Amino acid sequence: MSGMLLRLACTAAVAAQAALAPVPAVAAPVPPRSASQLLTDLQRLYRETEKATETYNGTSEKLTRQRAEVRRLDGELAHARLELTDSRGDAGRLAREQYQNSSAFSPYVRLLLARDPQRALDEGHVIGRLASERARTLDRLTGAEKRADTVARAARKALDTQETLADRQKRDRDGVTARLRDVERMLAALTPAQLTEVNQLEQDGVTAAQNRLASSGALGPNRPASAAGTRALSFAMDQIGKPYEWGAVGPSSYDCSGLTSRAWARAGTPIPRTSQEQWATLRRIPLTSLRPGDLVIYFPEATHVAMYVGNGKVVQAPRTGDHVKISPIAANPILGAVRPDAPPRRL
């Protein structure tokens, strides 16, 4: 059988088998997902996005500090190398002088043979001073070489760390971008009716959580803000209406910790950039002691932060697609609160 006929026969056999094969059952229609299921998934995506954003912010801060350290070490290395060059020049000069003034007789023999012993003694004193200067120059040269070598190693290590952080920042940025695409795809898949239902369900959940918190007595009475707290809160309130943007610290857009860190910096009290660092380093306070300007931290991983306004409200940059606004304090699960202008925590 020719090759062509063989191929045709095989094709026919395959076609016959396909014709005799049982027809697969039509897949059962997927039941529509409830609004609560959609909201759960959407909130999970928002939370993952914010966690990725704060990780990116933390890496960016470390990279900024590392770049400053590399610049500092580069300057120190340049100074050390200049110092080494000067020391080598001095050592070379003394070596030439020693060669030019060399003699077959030691200073002691010259003293014994001298016609003028006093002059010989004076010359010996000069020779002693030159020897001491030569020793000091060699010490400087040795120290300068060691210092230049030490600084060079530190600079190379710092540069390696910077490159590692830059790579990590890129991976973190890609992670945020992927999470944002997930959110966008899910929102695009919702009908207007579903979106309205999900938003209403979320609002009902926030209202219920706020009522539970208020009735528990956990918030305590209203308290006056400190002077710095007043300045920080005033700045944050002036940003209301500006869009949320991950990684942004103003002036036209913010993410959650970008808003709080910039507000307190403007109040004259710089604080860490990320919500995790704010929770880890600032003085923790009970919710009953909250006063305007204090920071409220959310979720077990401390991935969101807002600023307390008073009367159970916070000002915050909530999430992508939203804008800086005033919200109930219970808009997200509360982890705790910190006070930026209190003495720092003892770690």
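Look above for the structure.
What comes next concerns the included structure.

Rules of the game
- Residues numbered from 1 in each chain as written.
- Predicted model: local features only at pLDDT ≥ 70, side-chain atom pairs only at ≥ 80, totals over all residues.
- Heavy atoms only, no water.
- Patch = residues over 30% accessible without salt bridge, like charges linked within 9 Å, V, L, I, M, F, W, Y side chains within 5 Å.
- Areas by Shrake-Rupley, 256 points an atom, 1.4 Å probe, with all protein chains shown as cover.
- Salt bridge = Lys/Arg side-chain N within 4 Å of Asp/Glu carboxyl O.
- Lys, Arg positive; Asp, Glu negative; His and termini not counted.
- Charge placed at Lys NZ, Arg CZ, Asp CG, Glu CD.
- Helix = DSSP H or I, 4+ residues; strand = E, 2+ residues; numbered from the N terminus.
- Buried < 20%, exposed > 50% of the residue type's maximum accessible area, 1.4 Å probe, protein only.
- Polar contact = N/O pair within 3.5 Å; in protein donor to acceptor, adjacent residues only side chain to side chain.
- Contact = heavy atoms within 4.5 Å.
- Phe/Tyr/Trp six-rings, centres within 6.5 Å; stacked < 30°, edge-to-face > 60°.
- Lys NZ or Arg CZ within 6 Å of the ring centre and 35° of its normal.
- Pairing = 2+ DSSP bridges.
- Axes fitted to C-alpha atoms, helices over the stretch in contact; angles between N-to-C directions.

### Some words on a positive patch on the surface
Side chains of Lys62, Arg65, Arg168 and Arg171 sit close together on the surface and give a patch of like positive charge. Within the secondary structure, arginine 168 sits in helix α4 (residues 117-189). Classification of arginine 168 as partly exposed rests on a relative accessible area of 32%.

### Description of the side chain of threonine 274
Looking at the element boundaries, threonine 274 is found in the loop between α7 (256-266) and α8 (275-281). For threonine 274, a relative accessible area of 2% corresponds to the buried category. A distance of 3.2 Å separates a polar atom in the side chain of threonine 274 from the backbone nitrogen of glutamate 277. Setting aside residues up to four positions removed in sequence, threonine 274 forms contacts with Glu54, Asn57, Gly58 and Ser257.

### Describing the packing of aromatic side chains
Across all of its chains, the model carries one aromatic pair by this definition. A ring pair is formed by tyrosine 56 and tryptophan 246, whose centres lie 4.9 Å apart and whose planes are at 80°; its orientation type is edge-to-face. Here tyrosine 56, found in helix α2 (residues 35-100), pairs with tryptophan 246, found in the loop between α6 (227-238) and α7; they are 190 residues apart in sequence, far enough to count as distant. Take tryptophan 246: its relative accessible area is 22%, and that puts it in the partly exposed class. Its guanidinium or amino end placed over the ring of tryptophan 279, arginine 284 lies 3.8 Å from that ring's centre, counting from NZ or CZ.

### Some details on the sheet that holds strand β3 (residues 304-310)
Strand order in the open sheet formed by six strands is β1-β6-β2-β3-β4-β5, and the pairing between neighbours is antiparallel. Looking along the sheet, the strands with just one partner apiece sit at the ends: β1 (283-285) and β5 (325-328). Taking each pair of neighbouring strands and ignoring which way they run, the sheet shows an average axis angle of 40°. Here strand β2 (residues 295-298) runs beside strand β6 (residues 334-339); their pairing, made up of four bridges, is antiparallel. Bridge pairing links tyrosine 298 to isoleucine 334 in β6. In the packing of α6 onto the sheet, contacts are made with β3, β4 (313-316) and β5, and the angle to β3 comes to roughly 110°. On the sheet, α7 packs against β2, β3 and β4 and is oriented at approximately 50° with respect to β3.

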